[in-house]
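Inside the fold
Chain residues, written in single-letter form:
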Amino acid sequence: MYKILKKQKWSDTIFSNWIEAPFVAKAAQPGQFIILITSQSGERIPLTIADSNAKEGWVQIVYQVVGASTLELSLMNEGENLYAFVGPLGVPSEIENFGGKVLIIGGGIGIAPIYPVAKKLKELGNYVISIIGARTKDLIIMEDKMKEASNELLIATDDGTYGQKGFVTNIMDDILKKESEAIKDIWAVGPPIMMKMCTRVANEHNKQIWVSLNSIMVDGTGMCGACRVSVGGKTKFACVDGPEFRGNLVNFEEMILRQRQYCDQEREALMLLEEKIRRQASNG
Amino acid sequence: MAEKLKPAEKLKKDRVPMRNQEPLERVQNFLEVPLGYSLEEAIQEAQRCLQCNPPYCVAGCPADVRIPQFVEKLIAEDIKGAFLEIKQTNALPAVCGRVCPQEEQCEGACIMNKKGKPIAIGRLERYVADWAKQLDYSDAKKPSTKLNKKVAIVGSGPAGLACASDLAKLGYDVTVYEALHKAGGVLVYGIPEFRLPKAIVGYEVDQIKELGVEINLNYVIGLTKSVDELMQEYDAVFLANGAGAPSFLKIPGENLNGVYSASEFLTRSNLMKAYEFPNYATPIRVDQKAVVVGGGNVAMDAVRTAKRLGAKEATIVYRRGRKEMPARAEEIGHAEEEGIKFELLTNPVKILGDEYGNVVGIECVRMELGEPDESGRRRPQVVEGSNFVIDADTVIIAIGQSANPIVARSATGVETNKWGYFVADENGKTTHPKVWAGGDIVTGAATVILAVGAGKKAAKSIHETLSNKQ
Ligand SMILES: Cc1cc2nc3c(=O)[nH]c(=O)nc-3n(C[C@H](O)[C@H](O)[C@H](O)COP(=O)(O)OP(=O)(O)OC[C@H]3O[C@@H](n4cnc5c(N)ncnc54)[C@H](O)[C@@H]3O)c2cc1C
Ligand SMILES: Cc1cc2nc3c(=O)[nH]c(=O)nc-3n(C[C@H](O)[C@H](O)[C@H](O)COP(=O)(O)OP(=O)(O)OC[C@H]3O[C@@H](n4cnc5c(N)ncnc54)[C@H](O)[C@@H]3O)c2cc1C
Ligand code: SF4
Ligand code: SF4
Ligand code: FES
Ligand SMILES: [Mg+2]
């Protein structure tokens with residue numbers, strides 16, 4: 001069960017796995033995510049469904065190694081089984097034919113979750129303008145797939161090593177300045193600070209925007225409240241009420257503080273795992 | 001073999017006390033607090049039973065445990081026989097023997113309760129069930145008759161497991177769907193190890209699996225598959241998904257770091273084993289001072305867990321008085337022995353944080369008890385101007401659960417009431433002819449044994465319905 005069918009390394013820190021999970025694949029829709037546990041002593045980590053195939057029974061995930069659990073996942077090989085894999089979780093994106101253009105913005109590892117949204121939007125006949133960005137060229141992922149899923153694809157890197165130098169928000173602002181009227185809806189997925197900035201730009205142009213909130217989760221089914229976020233002054237559970245919300249209503253400051261809740265413990269867990277890896281390496 | 005006591009002698013004897021881990025020692029570990037009876041103690045206690053006919057005690061047990069019969073076999077030192085008597089009707093004896101509120105159930109109904117000395121039925125049941133686990137003895141075998149009828153069960157808590165067990169024994173093909181990665185519901189994610197060791201839950205779940213019950217873990221009904229689809233694929237569906245959505249106080253500061261729902265706190269600690277962090281990867285935050293808001297069993301579990309996770313000071317804040325606390329007296333007693341502080345007639349109004357978003361305290365007001373309300377409990381009223389602050393780096397909200405809507409949303413034609421609980425009759429029948437429901441998702445948060453009872457009644461009703469219709 002939950003076999004790693006295929007694994008690719010896309011950069012120093014970014015990996016993609018294809019997992020055998022026929023029931024999840026059958027029900028998966030854009031905007032939804034899964035929760036997996038690597039091994040019996042592991043934690044539950046949420047990852048967006050980057051792609052899925054109901055006929056072949058697999059789900060693709062794309063992840064960046066940022067701590068102990070993603071590191072452990074990146075060390076597992078093709079043919080190995082994950083301890084748990086559950087989904088699809090969350091509310092699917094509200095996608096339809098809006099009869100015009102839509103703007104899609106993906107930052108860093110956020111490009112992976114935005115891909116199925118772009119793909120579906122285009123399938124339904126929308127004109128999709130996508131902006132993808134990252135710190136540097138090496139971290140721009142899924143460019144070909146995004147090109148396929150978009151009518152126009154624009155690229156930004158902070159350091160100018162690829163595409164336009166600067167942030168996705170610069171391009172977003174330019175587009176909205178030119179054709180705010182034509183843009184029917186906007187999605188932005190990426191680090192919270194990027195989503196916050198995109199929301200600011202959207203607000204400046206009086207536009208609605210969807211963001212996907214990656215708050216800390218445990219069960220992912222509405223049972224614990226770990227993932228709570230403030231949206232429009234009300235507490236919502238990102239795992240069951242979201243993860244997509246209207247960015248215009250989101251309290252990003254609170255969300256960013258909540259994401260740092262376990263910084264000390266996370267560092268400790270990572271150090272322990274790295275130490276274990278070192279010891280294993282030196283033992284042969 | 002133990003000698004038989006005369007009735008007069010039986011009446012004179014007192015309940016055999018249970019040995020517990022010493023408070024100072026046990027707050028340093030997560031091992032079980034009550035140590036269990038020895039064989040001698042169990043027999044000594046069993047000998048007090050009057051073997052009533054009809055037995056009053058059984059009327060108090062929703063699982064219809066054959067109490068006088070198993071007690072008689074225990075006295076005769078036929079422990080296996082006693083175990084088989086219990087297992088005829090109760091699939092979870094080691095669990096129930098530990099966590100049933102016996103004072104309100106079997107022991108409350110026991111004739112000896114009139115003398116204030118009911119037979120310690122729960123402890124005896126625990127003794128017998130633990131004997132089986134120790135010897136790895138199992139009576140479970142796949143039934144020889146197969147009915148070729150399929151039943152789907154949503155949720156692997158006590159209601160789902162009890163229903164699965166009874167139906168499997170009757171020859172049904174039973175599939176349980178469970179959202180989490182372990183079976184047992186609140187037994188594995190809510191109730192702490194020091195009250196209910198997870199190995200014991202695992203053992204009883206394994207016996208149910210040996211009956212041929214299939215448990216599909218990591219399967220969220222309403223998302224992975226809908227109830228509507230289950231209705232198409234199965235002859236009957238039993239909804240036993242529990243009342244799993246946490247309630248909050250809706251006061252300022254509740255989203256600060258270090259503020260937990262009891263469900264999150266206990267899930268991290270129990271299901272994810274955060275008390276063994278970093279060997280288990282899930283983190284939990286407890287520093288010096290933990291405050292738990294609430295006065296029920298869940299609050300007691302949370303506060304005692306916080307103490308064990310290293311809180312120097314662990315405090316219960318409850319808005320009514322000690323008498324009104326809904327927690328079992330035994331649990332409150334255990335908490336007191338462990339040095340838990342109680343701020344009674346106290347209600348939080350605001351949670352205070354620092355500039356990094358971490359909780360630093362909880363502002364409360366004192367309460368006094370006024371006139372009785374509809375429930376007959378005296379209504380607490382705020383003492384104006386009594387605001388004060390309790391320092392805290394962890395705050396846990398344990399004020400109850402409500403219905404999680406995921407399952408109901410995908411169940412066409414199954415009516416819910418205004419709080420989102422399924423509407424079901426005393427046999428668990430819902431407004432859909434193929435669907436039954438039971439446990440917390442019908443009654444609201446209740447008890448393990450009531451959930452077991454509901455699962456058994458639904459199994460009986462499903463069997464009656466499916467065998468009438470060929
Ligand atoms: C709905 C959702 C979808 C996501 N999709 C993706 C994705 O497609 N690709 C991807 O690389 N990442 C995604 N994430 C983030 C991913 O879950 C975290 O990076 C991962 O859990 C980090 O685990 P770690 O142990 O390796 O790192 P840690 O060192 O433990 O944590 C690093 C940071 O990740 C966050 N994090 C830690 N634990 C959790 C948790 N249990 N739940 C959520 N966030 C946590 C915290 O902000 C933390 O500071 C998603 C998160 C959510 C909520
Ligand atoms: C901390 C705590 C301590 C308690 N202590 C005691 C005690 O000492 N004594 C006592 O008698 N009672 C106690 N209770 C109450 C008792 O545990 C519950 O009343 C009982 O577990 C209810 O059983 P249930 O089968 O209805 O639901 P649950 O035990 O809640 O089980 C429901 C199961 O369904 C699963 N589920 C939910 N949604 C889905 C879905 N969409 N798809 C698939 N599966 C799903 C859940 O993950 C869970 O495993 C306590 C409760 C708590 C929270
Ligand atoms: S199952 Fe619970 S109520 Fe029934 S006899 Fe055992 S302890 Fe008592
Ligand atoms: S009511 Fe009490 S004394 Fe009588 S049979 Fe039951 S346990 Fe024994
Ligand atoms: S992760 Fe537990 S409620 Fe959302
Ligand atoms: Mg981690």
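Keep in mind it's a predicted model, so treat the numbers as computed, not measured. (Residues numbered from 1 in each chain as written. Chains lettered and ligands numbered in written order. Predicted model: local features only at pLDDT ≥ 70, side-chain atom pairs only at ≥ 80, totals over all residues. Heavy atoms only, no water.)

To continue, consider the overall build of chain A. Along the backbone of chain A there are nine helices and 16 strands. Principal-axis analysis of the C-alpha atoms places the extent of chain A at approximately 60 × 40 × 40 Å. Considering chain A as a whole, with its 284 residues, one finds that 56% of them fall into the buried category. Counting only contacts in chain A whose residues sit at least 6 apart along the sequence, the fraction spanning at least 24 positions is 65%. Here chain A contributes 32 positive and 34 negative side-chain charges, whose respective centroids are spaced 1 Å apart. (Helix = DSSP H or I, 4+ residues; strand = E, 2+ residues; numbered from the N terminus. Buried < 20%, exposed > 50% of the residue type's maximum accessible area, 1.4 Å probe, protein only. Contact = heavy atoms within 4.5 Å. Lys, Arg positive; Asp, Glu negative; His and termini not counted. Charge placed at Lys NZ, Arg CZ, Asp CG, Glu CD.)

Here the focus is the sheet that holds strand β8 (residues 313-317) of chain B. Residues and elements named next belong to chain B. What the five strands build is an open sheet, ordered β6-β14-β7-β8-β9; its pairing is parallel. Here the strands that pair on one side only, and so sit at the sheet edges, are β6 (259-261) and β9 (341-343). Within the sheet, the average angular offset between the axes of one strand and its neighbour, ignoring direction, is 20°. Bridge analysis of β8 against β9 gives three bridges, and the strand direction is parallel. (Pairing = 2+ DSSP bridges. Axes fitted to C-alpha atoms, helices over the stretch in contact; angles between N-to-C directions.)

All names here are of chain B. By domain assignment, chain B separates into domain 1 (7-134), domain 2 (150-244 + 403-469) and domain 3 (247-400). Taking the mean C-alpha position of each, domain 1 and domain 3 sit 32 Å from one another. Considering only the surface of domain 1 that becomes buried against domain 3, Arg26, Val27 and Phe30 emerge as the three largest contributors, covering 57% of it. Counting the contacts that link domain 1 with domain 3 gives three salt bridges. The salt bridge involving arginine 26 is made with glutamate 338; its shortest N-O contact spans 2.6 Å. Linking domain 1 to domain 3 there are eight residue pairs in polar contact (both at pLDDT 80 or more). Broken down by secondary-structure element, the contributors of at least two residues to the side of domain 1 that touches domain 3 are α2 (23-26) and α7 (93-99). (Domains from an automatic or database assignment. Buried area = accessible area lost by both parts, 1.4 Å probe. Salt bridge = Lys/Arg side-chain N within 4 Å of Asp/Glu carboxyl O. Polar contact = N/O pair within 3.5 Å; in protein donor to acceptor, adjacent residues only side chain to side chain.)

What follows deals with the side chain of Asn255(B). Relative to the assigned elements, Asn255(B) resides in the loop between β5 (245-246) and β6. Classification of Asn255(B) by relative accessible area gives buried; the value is 10%. At 3.2 Å, the side chain of Asn255(B) forms a polar contact with the side chain of Glu254(A). Ignoring sequence-local partners within four residues, the contact set of Asn255(B) consists of Arg228(A), Ser230(A), Thr235(A), Glu254(A) and Arg258(A).

A word on the nonpolar core. Counting residues in hydrophobic clusters, the biggest one holds 81 residues, and the most contacted among them are Phe70(B), Leu124(B), Val128(B), Val174(B), Phe238(B) and Ile462(B). No other element matches the eight residues that helix α19 (residues 448-468) of chain B contributes to this core. Residue assignment places this core across two domains, with domain 1 (7-134) and domain 2 (150-244 + 403-469) of chain B each supplying three or more. One finds Leu89(A), Met194(A), Cys239(A) and Phe245(A) within the second-largest nonpolar core, a separate group that totals 55 residues. (Core = buried A, V, L, I, M, F, W, Y, C linked by side-chain atoms within 4.5 Å.)

All names here are of chain A. When the UniProt feature table is mapped onto this chain, "binding site: FAD" (unreviewed entry) is found at Val62, Tyr63 and Gln64. For valine 62, a relative accessible area of 7% corresponds to the buried category. When near neighbours in sequence (up to four residues on either side) are disregarded, valine 62 contacts Trp10, Ile14, Phe15, Ser16, Ala50, Ile109, Ala112, Ile141 and Met142. Structurally, tyrosine 63 can be placed in strand β6 (residues 58-64). (UniProt positions renumbered as here; feature names shortened; annotations may be inferred.)

The positions that UniProt labels "domain: Oxidoreductase FAD/NAD(P)-binding" (unreviewed entry) are, in the present scheme, residues 105-198 of chain A. Its end C-alpha atoms 9 Å apart, residues 105-198 of chain A is made of 40% helix and 28% strand.

So, on to helix α5 (residues 168-179) of chain A. Residue and element names in this part refer to chain A. End to end, α5 covers 17 Å across twelve residues, agreeing with the expected 16 Å (1.5 Å per residue, within 8%). Of all the residues in α5, the buried ones are Val168, Thr169, Ile171, Met172, Asp173, Ile175, Leu176 and Glu179. Close packing links the buried residues of α5 with β8 (101-107), β9 (127-134), β10 (152-157), β11 (164-165), β12 (183-189) and α6 (192-204). (Expected span 1.5 Å × (residues − 1).)

A few words now on unusual backbone geometry. It is generally the case that most residues other than glycine have a negative phi and that most peptide bonds are trans. In this chain, Gly87(A) is followed by Pro88(A) through a cis amide linkage whose omega measures -5°. Here Pro88(A) lies in strand β7 (residues 84-89). The residue after Asn53(B), namely Pro54(B), is reached through a cis peptide bond having omega 0°. Mapped onto the elements of the fold, Pro54(B) is located in the loop between α3 (39-46) and α4 (56-59). Residue Met142(A) is not a glycine yet carries a positive backbone phi of 55°. Along the polypeptide, Met142(A) turns up in the loop between β9 and α4 (143-148). Here Met142(A) falls in the buried class, since its relative accessible area comes to 8%. Positive phi, normally seen in glycine, also occurs at Lys250(B), with a value near 60°. Along the chain, Lys250(B) falls in the loop between β5 and β6.

Glancing now at the packing of aromatic side chains. Summed over the entire model, instances satisfying the criterion amount to 13 aromatic pairs over all chains. Ring geometry for Phe98(A) and Trp187(A): centres 6.3 Å apart, planes at 55°, overall tilted. Placement of Phe98(A) in the loop between β7 and β8 and of Trp187(A) in strand β12 is noted, with a sequence separation of 89 residues between them. Classification of Phe98(A) as partly exposed rests on a relative accessible area of 21%. Here Trp187(A) falls in the buried class, since its relative accessible area comes to 0%. Consider the rings of Phe237(A) and Phe248(B), whose centres lie 6.4 Å apart with planes at 80°: the pair is edge-to-face. (Phe/Tyr/Trp six-rings, centres within 6.5 Å; stacked < 30°, edge-to-face > 60°.)

This paragraph deals with the UniProt feature "domain: FAD/NAD(P)-binding" (unreviewed entry) in chain B. Residues annotated by UniProt as "domain: FAD/NAD(P)-binding" (unreviewed entry) correspond here to residues 149-455 of chain B. A distance of 18 Å separates the end C-alpha atoms of residues 149-455 of chain B, which is 27% helix and 24% strand.

Further remarks concern the packing of helix α15 (residues 297-308) of chain B against helix α16 (residues 329-337) of chain B. Residue and element names in this part refer to chain B. Interaxial distance between α15 and α16 falls to 10 Å at its minimum, and their mutual angle equals 20°. Judged by the inter-axis angle, α15 sits roughly parallel to α16. Where α15 crosses over α16, the two elements pack in a sense that is left-handed. Contact with α15, carried on its side by Asn297, Met300 and Arg304, involves Glu331, Ile332, His334 and Ala335 of α16 and no other residues of that element. (Parallel < 35°, antiparallel > 145°, perpendicular 65-115°, else oblique. Left-handed = near helix turned anticlockwise from the far one by under 90°.)

Okay, the pattern of salt bridges next. One side chain can pair with another of opposite charge once the charged atoms of both are near each other. With the rule as written, the count across this model stands at 40 salt bridges over all chains. The closest approach of N and O atoms between Glu179(A) and Lys101(A), which form a salt bridge, is 2.8 Å. Taken as a pair, Glu179(A) in helix α5 and Lys101(A) in strand β8 lie far apart in primary sequence, 78 residues in all. On the basis of relative accessible area, Lys101(A) is assigned to the partly exposed category, the value being 22%. Residues Glu331(B) and Arg195(B) are paired through a salt bridge, measuring 3.7 Å at the closest nitrogen-oxygen approach. With a gap of 136 residues between them, Glu331(B) in helix α16 and Arg195(B) in the loop between α11 (186-189) and α12 (198-210) connect regions that are remote in the sequence. Judged on exposure class, the residue Glu331(B) and its partner Arg195(B) are both buried.

Residues and elements named next belong to chain B. The terminal C-alpha atoms of α12 lie 18 Å apart, and with 13 residues this matches the ideal 18 Å at 1.5 Å per residue to within 8%. Looking at the buried residues of α12, the elements they touch are α6 (79-87), α7, α9 (121-134), α10 (158-170), α11 and β3 (214-216). In the segment just after α12, glycine 212 is the residue with positive phi, at about 105°.

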